[in-house]
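Next come the chains, spelled out residue by residue.
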Amino acid sequence: MLNSFGLLGMFLIIAILVTAAFVLIPIALRLVGLGARRNPNTDKYTIYECGMVSVGKTHIQFNFRYYFFAVLFVAFDVLAIFLFPWALWMGNAGVFELGAAVLLVVIVLIGYLYAWKKGVMQWK
Amino acid sequence: MNSWILDNFWAHFAVFTIVILAFVIIGVMAFIYVERRGFGPFQLRRGPNRAGPFGILQPIADAIKVLLKEDVVPDRADKVLHTLGPVIVFLPVLLIFAVIPFHGQIGGLIANLNVGIVYVAAISSLGVVGVFMAGWGSENKYSLIAAMRVVGAMISYEIPLVLSLVAVVLATGSLSMNGIATGHPLPMILLMPLGFLIFLAASMAEINRGPFDLLEADSELVAGFHIEYSGMKFAMFYLAEYGHALAMSAVAATVFMKGWVGPWDAYLGWFWFILKTLMIFVLLVWLRVTFPRMRIDQMMSFAWKFLLPMALINLLVVGIQVVAFGGDIPWWMMFINFGLAGVLILGWSKFFRPGGARVEYQV
């Protein structure tokens, strides 16, 4: 088991190196004189905004409407993680285990239905 | 398979690392060709047909073009995040393939993980971090909105995706990819069609394709999170998008269509695997061409009001069947499940329509 995680760790290192190499290839090509020449221009390095001069800052606070989805996501993701080991052993389990899982889901679903009722999932 | 390669630790690792890298690069190029060529007839035009016979060299021509392009970084952008974004987007794509069984009983190519499906579900959603880094680091308003959207969409569609995988684990009684592929005599696409449809819709949203590609909605956000990218960094996003589609097709083929299992799978296992992956991908292309792009509020309510209840009902149905038949669902249950899936989808779409949502503008 540890063996396979070790292999995965080594593969992660190889994958990082390969991905970094992809980004570095054009730089290497430019060093040997094959890539595109740098042709600096002030307009080229401005931020694209449909041809207009960019107005104001980008990183401002604004209501992006996803906060409540994130809260619901946390509840359901934890639920899903709990359901994985349950599902694995369900093959030799009975009605009681199924009922316990249904109870767990229903507890989370009460919050979900409350959120639905409150109109969290509606864009207003 | 040569036993010397399998027995030697380092030879095993080196050979299969090269196999995975080659498979991803060649597979992505083939998929780009299949999709662009397939779009032609769908949209009553020809598609790429100049580079090589039937335009088959088009992906290579594109690769050479992006390698030779100038790399433009806006001077207001965060240089570190702007560079790291494409790297982190592409990394999970490679990592998913480490545990996918291509052929026979050896399991995943790099490691035969006994928690393979959890690993896939965890790794496949990591790419969103890179997308958000790219969108935030570009300092562009469109790309920031696109990055916010992709985070919202990704966390919404993560839940139905994982819950449909839980239902598969329930029916097969295994967490490893190989155990799922061989766990039940029937492919899961027949045993739980509802679960497959939920997985398909959720994974299409997860890989930002088809009707769910709101993070690069060209008509509203110019190009989404990769407006400020050019050259090889842009190509990395392109590569990651198709690589993720390839990975999700491979996962769907393994989990729902029994992967390498088929006639003469001692020799032809890899062939069945690639054939099934290609079938799923062609289905993805077909769906992308057929459906118009959704609105973002429709997309969110589709995830939370349609897919999530459906996924929970699917889980409950499979759980009841597993308890009723003692862990081994008989093959004739598939007729009942098909009927149930049809009734549930039609009934719930009468009860709730994503198209019915309204946006009220504040003046």
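Residues numbered from 1 in each chain as written. Chains lettered and ligands numbered in written order. Predicted model: local features only at pLDDT ≥ 70, side-chain atom pairs only at ≥ 80, totals over all residues. Heavy atoms only, no water.

## Focus on the environment of Phe271 of chain B
Move 1: Relative to the assigned elements, Phe271 of chain B resides in helix α13 (residues 265-290).
Move 2: Taking C-alpha positions, Phe271 of chain B is 9.8 Å from Gly259 of chain B, a pair spaced 12 residues apart along the chain. (Helix = DSSP H or I, 4+ residues; strand = E, 2+ residues; numbered from the N terminus.)

## Some thoughts on the pattern of salt bridges
Residues and elements named next belong to chain B.
Move 1: In this structure the tally under the stated criterion is four salt bridges over all chains.
Move 2: For Arg36, the salt bridge goes to Asp62, with nearest N and O atoms at 2.9 Å. A residue pair is termed long-range when its members are at least 10 positions apart, and Arg36 in helix α2 (residues 9-42) and Asp62 in helix α3 (residues 58-67) qualify at 26 residues.
Move 3: Several salt bridges share partner residues, and in doing so they unite Glu35, Arg209 and Arg288 into one network. (Salt bridge = Lys/Arg side-chain N within 4 Å of Asp/Glu carboxyl O.)

## Describing the packing of helix α10 (residues 193-206) of chain B against helix α12 (residues 231-256) of chain B
Residue and element names in this part refer to chain B.
Move 1: Contact pair α10 / α12: the axes reach a minimum separation of 11 Å and the direction vectors enclose 165°. Looking at the two axes, α10 sits roughly antiparallel to α12. For the pair α10 and α12, the crossing hand works out as right-handed. Contact residues: α10 offers Gly195, Phe196, Phe199, Ser203 and Glu206, while α12 offers Met248, Val251, Ala252 and Phe256.
Move 2: Residue composition of the contact of α10 with α12, grouped by class: six nonpolar, two polar and one charged. (Axes fitted to C-alpha atoms, helices over the stretch in contact; angles between N-to-C directions. Parallel < 35°, antiparallel > 145°, perpendicular 65-115°, else oblique. Left-handed = near helix turned anticlockwise from the far one by under 90°. Contact = heavy atoms within 4.5 Å. Nonpolar A, V, L, I, M, F, W, Y, C, P; charged D, E, K, R; others polar.)

## Regarding the packing of aromatic side chains
All names here are of chain A.
Move 1: Within the structure shown, the criterion is met by 24 aromatic pairs over all chains.
Move 2: A ring pair is formed by Phe76 and Tyr112, whose centres lie 5.6 Å apart and whose planes are at 85°; its orientation type is edge-to-face. Residue Phe76 is found in helix α2 (residues 67-89), and its partner Tyr112 is found in helix α3 (residues 95-117); the two are separated by 36 residues along the sequence.
Move 3: Residue classification places Phe76 among the buried residues on the basis of a relative accessible area of 1%. (Phe/Tyr/Trp six-rings, centres within 6.5 Å; stacked < 30°, edge-to-face > 60°. Buried < 20%, exposed > 50% of the residue type's maximum accessible area, 1.4 Å probe, protein only.)

## Considering the interface of chain A and chain B
Move 1: Contacts between chain A and chain B engage 67 residues on the former and 82 residues on the latter.
Move 2: Across the chain A/chain B interface, buried area totals approximately 6800 Å², and carbon plus sulfur atoms make up 78% of it.
Move 3: Counting across the interface, chain A meets chain B through zero salt bridges.
Move 4: If you look at where chain A meets chain B, you find two residue pairs in polar contact (both at pLDDT 80 or more). (Buried area = accessible area lost by both parts, 1.4 Å probe. Polar contact = N/O pair within 3.5 Å; in protein donor to acceptor, adjacent residues only side chain to side chain.)

## Here we look at unusual backbone geometry
Residue and element names in this part refer to chain B.
Move 1: At Leu44, a position not held by glycine, the phi torsion is positive, near 55°.
Move 2: Mapping Leu44 onto the fold places it in the loop between α2 and α3.
Move 3: Judged by its relative accessible area of 79%, Leu44 is exposed.
Move 4: Unlike most non-glycine residues, Phe54 shows phi in positive territory, near 55°.
Move 5: Within the secondary structure, Phe54 sits in the loop between α2 and α3.

## As for the domain arrangement of chain A
Move 1: Domain boundaries assigned for chain A yield domain 1 (2-45) and domain 2 (65-118).
Move 2: Once you take the C-alpha centre of each, domain 1 of chain A and domain 2 of chain A turn out to be 42 Å apart. (Domains from an automatic or database assignment.)

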